[in-house]
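Understanding the architecture of this molecule
For reference, the chains in residue letters:
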Amino acid sequence: MIVITSPHAEHDPERLAPLAGRRYWEVPARADALLAAVRQLGHEVVAAHDHGLDPIRRVHDAGYLDFLAHGFERFRALPNAEPALRAGAYAVRYAAHRPDHVLGQAGYYLSSLSAPILPATWQAALGAAHAAIDGADLILRGERSAYALCRPPGHHAHTDLAGGFCYLNNAAIAAQRLLDAGTGPVAILDFDVHHGNGTQQIFYARDDVFYVSVHGDPAQLYPFYQGYADETGSGAGLGWNLNLPLPPGTEDIGFFTAILRAVEAIRAKAPAVLIVSMGFDPHAGDPTANLSVSADGFAAAGRIIASLGLPALLVQEGGYLVERLGDNLTAFLRAFLAPQQAAGG
Ligand SMILES: [Zn+2]
């Protein structure tokens, strides 16, 4: 399986712009640990190509992209600018008005303190999106699977809103890339512990992408305001959004039972391609979450997802217990890829 990576190390809010009393868990060491694991497993690692902005504009709002690309320079021109541009005191969206001032736009486009912009943030986000596009292109060229090792992650990014460590929605951009190439319907299975509210928002009214999420109950966990079981899509998209929230403390059995439900629902939609938004933060002890899944739970998920027999693009989302990320990815990949390896693929 081909693994696609992109430069990300300079997007490091915890090191370059720390906030007192608030750890920024989305650190470069996460991607380093995941990369070490795939190298250990012998997978081929390649660098993302530059695909420009056109495939990203298919998903994201033009004003939002302009803010992400140029907001930091505008911010740094202000007197007394800090090392990072943050939502700060103005993080309230009055949808009827988008202010011109960069601080007003920071409150408009950044949903919380969990998506600061540093000098290298835009390039890192762009690289991660390009890695996902490369992954989609590999599937289009006939690969059975590919892994976009994206950092920063993407599933909280809406069409025009960053949050939860996410700026560009890598999985959604990849899904749109596949659709634009004529694949037919795409399913996105998201098992990051946090509901992928951005991916849900992007496809909520559409019947060409089936979004299914297994996650911690948002009544108790970020993103708090989306991810409930009664959110099933709207308009043409009614029935094309499935949320399977899990109570705090859910262990392996509860987790893979939900994955099984997700896979049955995906099978019923008969999609052409599967995208897996892969988060390892359901793991017990993850500092951002509240479930109790083990590496065995991820292996079970890998086996169940592989049973779909669909070409599949894996897109990295979260997972913040850095010392366990390599083991969790290894457990998932061994199980997920076993049928392909048995078939000699
Ligand atoms: Zn997460």
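Our structure is the block above this text.
Rules and cut-offs
- Residues numbered from 1 in each chain as written.
- Predicted model: local features only at pLDDT ≥ 70, side-chain atom pairs only at ≥ 80, totals over all residues.
- Heavy atoms only, no water.
- Helix = DSSP H or I, 4+ residues; strand = E, 2+ residues; numbered from the N terminus.
- Rg over C-alpha atoms; globule rule 2.2 N^0.38 Å.
- Areas by Shrake-Rupley, 256 points an atom, 1.4 Å probe, with all protein chains shown as cover.
- Lys, Arg positive; Asp, Glu negative; His and termini not counted.
- Charge placed at Lys NZ, Arg CZ, Asp CG, Glu CD.
- Buried < 20%, exposed > 50% of the residue type's maximum accessible area, 1.4 Å probe, protein only.
- Contact = heavy atoms within 4.5 Å.
- Polar contact = N/O pair within 3.5 Å; in protein donor to acceptor, adjacent residues only side chain to side chain.
- Donors = N, O, S within 2.8 Å, 3.2 Å for Na, K, Ca; no water.
- Tetrahedral: all angles 85-135°; square planar, octahedral: opposite > 155°, others 65-115°.
- 1 Å grid on protein atoms, 1.4 Å probe; cavity = no way out; pocket = protein on both sides within 12 Å on 5 of 7 lines; lining within 4 Å.
- Points joined across faces, edges and corners; volume = space filled by probe spheres on them.
- Nonpolar A, V, L, I, M, F, W, Y, C, P; charged D, E, K, R; others polar.
- Pairing = 2+ DSSP bridges.
- Axes fitted to C-alpha atoms, helices over the stretch in contact; angles between N-to-C directions.

Things to note about the overall build of the chain
- Each helix and strand counted, the chain has 11 helices and eight strands in total.
- By the compact-globule yardstick of 20 Å for 345 residues, the chain fits well, its C-alpha radius of gyration being 19 Å.
- Referenced to the eigenvectors of the C-alpha coordinate spread, the extents of the chain come out at roughly 60 × 45 × 40 Å.
- Roughly 13300 Å² of accessible area belongs to the chain as shown, and the carbon and sulfur atoms make up 53% of that amount.
- The chain carries 23 positive and 34 negative side-chain charges, and their two centres are separated by 2 Å.

Overview of the environment of His-101
- Summarising the element assignment, His-101 is placed in the loop between α4 (62-76) and α5 (102-109).
- Note on His-101: relative accessible area 43%, which makes it partly exposed.
- It is 39 Å that separates the C-alpha atoms of His-101 and Leu-35, two residues lying 66 residues apart in sequence.
- In contact with His-101, not counting residues within four places along its chain, are Arg-74 and Leu-78.
- Among the polar contacts made by the side chain of His-101, one reaches the main-chain amide nitrogen of Leu-103 at a distance of 2.9 Å.

Examining the coordination of the zinc ion
- Binding of the zinc ion to the protein goes through Asp-192 (OD), Asp-192 (OD), His-194 (ND1) and Asp-281 (OD), at separations of 2.0 to 2.7 Å.
- Because the angles between the four donor atoms bound to the zinc ion fall within 54 to 156 degrees, the donor set is best described as irregular.
- Between consecutive donors of the zinc ion, the numbers of intervening residues give the motif D-x1-H-x86-D. Neither Asp-192 nor His-194 differs from the other in exposure class; each is buried.

Digging into empty space enclosed by the protein
- Under the counting rule described, the total for this entry stands at one cavity of 30 Å³ or more.
- Forming the boundary of the largest cavity are Pro-13, Glu-14, Ala-17, Pro-18, Leu-19, Arg-22, Arg-23, Tyr-24, Arg-86, Leu-113 and Pro-116.
- Of the residues belonging to the lining of the largest cavity, the class tally is seven nonpolar, no polar and four charged.

Remarks on the layout of surface pockets
- By volume, the largest pocket is sized at about 350 Å³.
- Lining the largest pocket we find 19 residues, and of these Arg-22, Ser-114, Phe-165, Tyr-222 and Thr-288 sit closest to its centre.
- Along the lines of polarity and charge, the residues of the lining of the largest pocket split into eight nonpolar, seven polar and four charged.
- Within this model, the second largest pocket holds a volume of roughly 230 Å³.
- Residue lining of the second largest pocket: 13 residues in total, with Ser-111, Leu-161, Asn-197, Tyr-225 and Gln-226 positioned closest to the centre.
- Along the lines of polarity and charge, the residues of the lining of the second largest pocket split into six nonpolar, seven polar and no charged.

Regarding the sheet that holds strand β2 (residues 44-47)
- Ordered in space as β2-β1-β3-β8-β7-β4-β5-β6, the eight strands form an open sheet in which the pairing is parallel. With partners counted over all chains shown, the strands left at the sheet margins are β2 and β6 (241-246), one partner each. The average angle at which neighbouring strand axes cross in this sheet is 15 degrees, direction not considered.
- Sheet analysis places strand β1 (residues 2-5) next to β2, joined by four bridges and oriented parallel. Bridged to Ile-2 within β2 is Glu-44.

In short, the description is geometric, and any link to function would need to be established separately.
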